[in-house]
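Listed below, chain by chain, are the residues.
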Amino acid sequence: MLTQRLLTSDKGGMLVLGLIALTCIVVPILNLAVPESSPFHVSTFAVTLLGKFLCYALLALALDLIWGYAGILSLGHGAFFALGGYAMGMYLMRQIGDRGKYGDPLLPDFMVFLNWQDLPWYWHGFDMFWFAALMIILVPGILAWVFGWLAFRSRVTGVYFAIITQALTYALMLAFFRNEMGFGGNNGLTDFKDILDFSITADSTRIGLFLASGIALMLAYLACRYIVTSRAGKVIVSIRDAESRTRFSGYQVESYKLWLFVFSAVLAGIAGALYVPQVGIINPGEFSPLNSIELVVWVATGGRGTLYGAIVGAFSVNYGKTVFTTFYPEAWLFPLGLLFVLVTLVLPKGLVGLIGRFKKNKSATNKEEQP
Amino acid sequence: MNPFKHARNWSTKALPVKDPNFGHPLDTSHGPILYVEDVSVSFDGFKALNNLNLYIDEGELRCIIGPNGAGKTTMMDVITGKTKPDSGSIYFGQQINLRELSEHQIARGGIGRKFQKPTVFEALSVYENLELATAGNKKFWFTLTRELTGEQRDRLDEVLYTIGLTQSRFNSAGNLSHGQKQWLEIGMLLMQSPRVLLVDEPVAGMTGEETERTAELLTSLAGKHSVIVVEHDMAFVRSIARKVTVLHQGSVLAEGSMDQVQSDPKVIEVYLGE
Ligand SMILES: Nc1ncnc2c1ncn2[C@@H]1O[C@H](COP(=O)(O)OP(=O)(O)O)[C@@H](O)[C@H]1O
Ligand SMILES: [Mg+2]
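Basis of the calculations
Residues numbered from 1 in each chain as written. Chains lettered and ligands numbered in written order. Predicted model: local features only at pLDDT ≥ 70, side-chain atom pairs only at ≥ 80, totals over all residues. Heavy atoms only, no water. Pairing = 2+ DSSP bridges. Helix = DSSP H or I, 4+ residues; strand = E, 2+ residues; numbered from the N terminus. Near = heavy atom within 4 Å. Polar contact = N/O pair within 3.5 Å; in protein donor to acceptor, adjacent residues only side chain to side chain. Areas by Shrake-Rupley, 256 points an atom, 1.4 Å probe, with all protein chains shown as cover. Nonpolar A, V, L, I, M, F, W, Y, C, P; charged D, E, K, R; others polar. Contact = heavy atoms within 4.5 Å. Buried area = accessible area lost by both parts, 1.4 Å probe. Salt bridge = Lys/Arg side-chain N within 4 Å of Asp/Glu carboxyl O. Buried < 20%, exposed > 50% of the residue type's maximum accessible area, 1.4 Å probe, protein only. Core = buried A, V, L, I, M, F, W, Y, C linked by side-chain atoms within 4.5 Å.

A. Spatial organisation of the pairing of strand 10 (residues 251-256) of chain B. Residues and elements named next belong to chain B. In this structure, strand 9 (residues 243-248) lies alongside strand 10, joined through 5 bridges in antiparallel fashion. Note on strand 10: the bridge partner recorded for leucine 247 is valine 252. In sequence, strand 9 turns back onto strand 10 through a hairpin of 2 residues, with glutamine 249 there showing a positive phi of about 50 degrees.

B. Structural view of the site of ligand 1. Residue and element names in this part refer to chain B. The full set of residues close to ligand 1 is Phe43, Phe46, Ala48, Asn68, Gly69, Ala70, Gly71, Lys72, Thr73 and Thr74. The side chain of threonine 73 places a nitrogen or oxygen atom 2.7 Å from an oxygen atom of ligand 1. Between ligand 1 and threonine 74 there is a distance of 2.5 Å, counted from an oxygen atom to a side-chain nitrogen or oxygen. For ligand 1, the protein covers 59% of the area, taking 560 Å² as the surface of the free molecule. The biggest single contributor to the shell around ligand 1 is helix 1 (residues 72-79), with 3 residues. Looking at side-chain class alone, the shell around ligand 1 contains 4 nonpolar, 5 polar and 1 charged residues.

C. Looking closely at the interface of chain A and chain B. With 24 residues of chain A at the contact, the number on the chain B side is 24 residues. Together chain A and chain B conceal approximately 2,200 Å² of surface at their shared face, both sides included; 61% is due to carbon and sulfur atoms. It is Arg231, Lys234 and Arg245 of chain A that lose the most area in chain A upon contact with chain B, and together they represent 33% of the buried surface on that side. Where chain A touches chain B, the interface holds 2 salt bridges. One salt bridge in this structure joins arginine 5 of chain A and glutamate 147 of chain B, with 2.9 Å as the shortest N-O distance. Joining chain A to chain B, the criterion identifies 10 residue pairs in polar contact (both at pLDDT 80 or more). Only helix 8 (203-229), helix 9 (231-241), helix 10 (243-248) and helix 11 (253-279) of chain A provide two or more residues apiece to the side of chain A that touches chain B. A per-element tally of the side of chain A that touches chain B places helix 9 of chain A first, with 9 residues. Partitioning the side of chain A that touches chain B into residue classes produces 11 nonpolar, 6 polar and 7 charged.

D. Representation of the pattern of salt bridges within the structure. Residue and element names in this part refer to chain A. What the rule picks out here adds up to 21 salt bridges over all chains. Linking arginine 155 and glutamate 254 is a salt bridge whose minimum nitrogen-to-oxygen distance equals 3.4 Å. Separated by 99 residues along the polypeptide, arginine 155 in the loop between helix 6 (129-153) and helix 7 (158-177) and glutamate 254 in helix 11 bring together distant segments of the chain. With relative accessibility at 49%, the residue arginine 155 sits in the partly exposed group.

E. Seen up close, the nonpolar core. The biggest cluster of nonpolar side chains holds 164 residues, and the ones touching the most others in it are Trp123, Leu189 and Phe287 of chain A together with Leu184 and Leu218 of chain B. At 17 residues, helix 3 (residues 44-70) of chain A tops the list of elements feeding residues into this core. Contacts of phenylalanine 287 of chain A, omitting those with residues within four sequence positions, involve Ala79, Ala82, Leu83, Tyr86, Thr169, Tyr170, Leu172, Met173 and Phe176 of chain A. Core analysis: the next-biggest nonpolar cluster, separate from the first, contains 28 residues, Leu34, Val36, Val39 and Leu54 of chain B among them.

This is the structure we're talking about:
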């Protein structure tokens, strides 16, 4: 019954889920079992690129949940992604152990370089994966809870909320740039060696991370569907459309917004944590306000308020970006800006809406043909 | 006519109200479910309500008419707790003092109000709108994890039938006609099983057929609920009213059957003098 609720009347979502599942089966086979000489071989580089896109898609899903359904535009979701990434990065740094350049068994290289004697208190525990995994969820979750509690309680909405979330991610970026913060300053965390005792550069580990990202995305999609198809999901949509009336109907609007925001931040954090071992670095640039704005463009391009549209958007825009930046590495902002303007003016429902419109036209003409 | 003929039994002390659902059955043993006595409200010295007295019986359908500015909307505001009166008393049943309660408590406690403009949730279906309006636990974790109970679903089907939208249950509320939206909103109030329904100008902007069906709907609700309708459309009032109250300058000018009030010289004067 639950599967029925989650998947029926969600054709687009089923299609996207199916494609992800298929990719998760086919890509590892083509990478590991097909010899490199074969034209069907998928390179490890491509696997990692796809894995990165899966993480972006998860991040986009997280944003669509709050923007598309609750109408809360966060322009700082990159911050939660980066925090999840840093938590994973700290675990990966501790995994290096004494194999760093300076060979210190406890301190990461950058701390030795700064002449630090002891590991800062907040680095303790990150040598254990379960602890890091917990922090990946708790740090973004708690920040979102505190931030959301303050913002929603004071009824900060719309543009004002968007602006303070930008400020949040900007402030975090500046803080993480500082060496004294103990997160590696502008170099961030890098030179990772192992994850869960597997070499991070091995093909099989890459496939493992790719699969983990794919599975996380699919589970997150189902979790989001569970939320939006529940009664709470209906309340959330009505908050988006008529906030004060929903409040008048006896619902505690703030608490709905808050829990949704926290859940979305946790998803973003998980996306960041899966992203970091695949790209091999996390630095304060991930907090850049521009990243969060780019994320909004992915969701808008794919189609807001459908969940699967966010996944489509993340894949298509990032594919476009990869192709474009191969030729013009520095000029990405121009097509990005153009895309945003185009989507806003021409495609208010994004790519997914375009397909829907096309289908409607077709069925309309079909109906006309039948007398 | 003696306005105090129903006057409450003053020897009963008003109970302090803690539970928003009042926690005990409403005492309507003396007939009326709503007592509005000597209520006055003034805005910057202007008396919108002036010693208003009104008694609504359990299950009755009452129409309130009166020229613009007579205080009809203000009367509803006072009953629902939106406006606090300067003086007078408002009791729900014998023992519940509405002056002490907030809007929210009054709404939950069984007095539903339908505003003039239809405000259904357009992005949701008819069914989902009613689901949202269902009485019960409204906390996030509860609505996230629990479906409606069988009993609540039965109530929902019953209400769908009452408001005549069973066929349109899966249609988006945004695509309903103006009249259907009004009925849906009445349905949303009914989901809370209110004892008293206040309806402000329900047929404004409706087609003739919709007006007729609204009349049927409101008369069918009377009996199970006490219904108070404010309306300008005299033909409509005539078609549903058993008892009509005419307000003028914040107090009751006349009360009785439609024929009685229409032949009342004071009423004729007010309406012709307008
Ligand atoms: N909030 C308010 N502030 C000032 N005057 C008000 C306010 N609400 C109503 N009034 C005045 O009180 C009188 C009664 O208004 P109302 O109850 O809306 O009349 P009705 O609904 O019968 O047309 C009007 O003269 C109106 O201008
Ligand atoms: Mg009025």
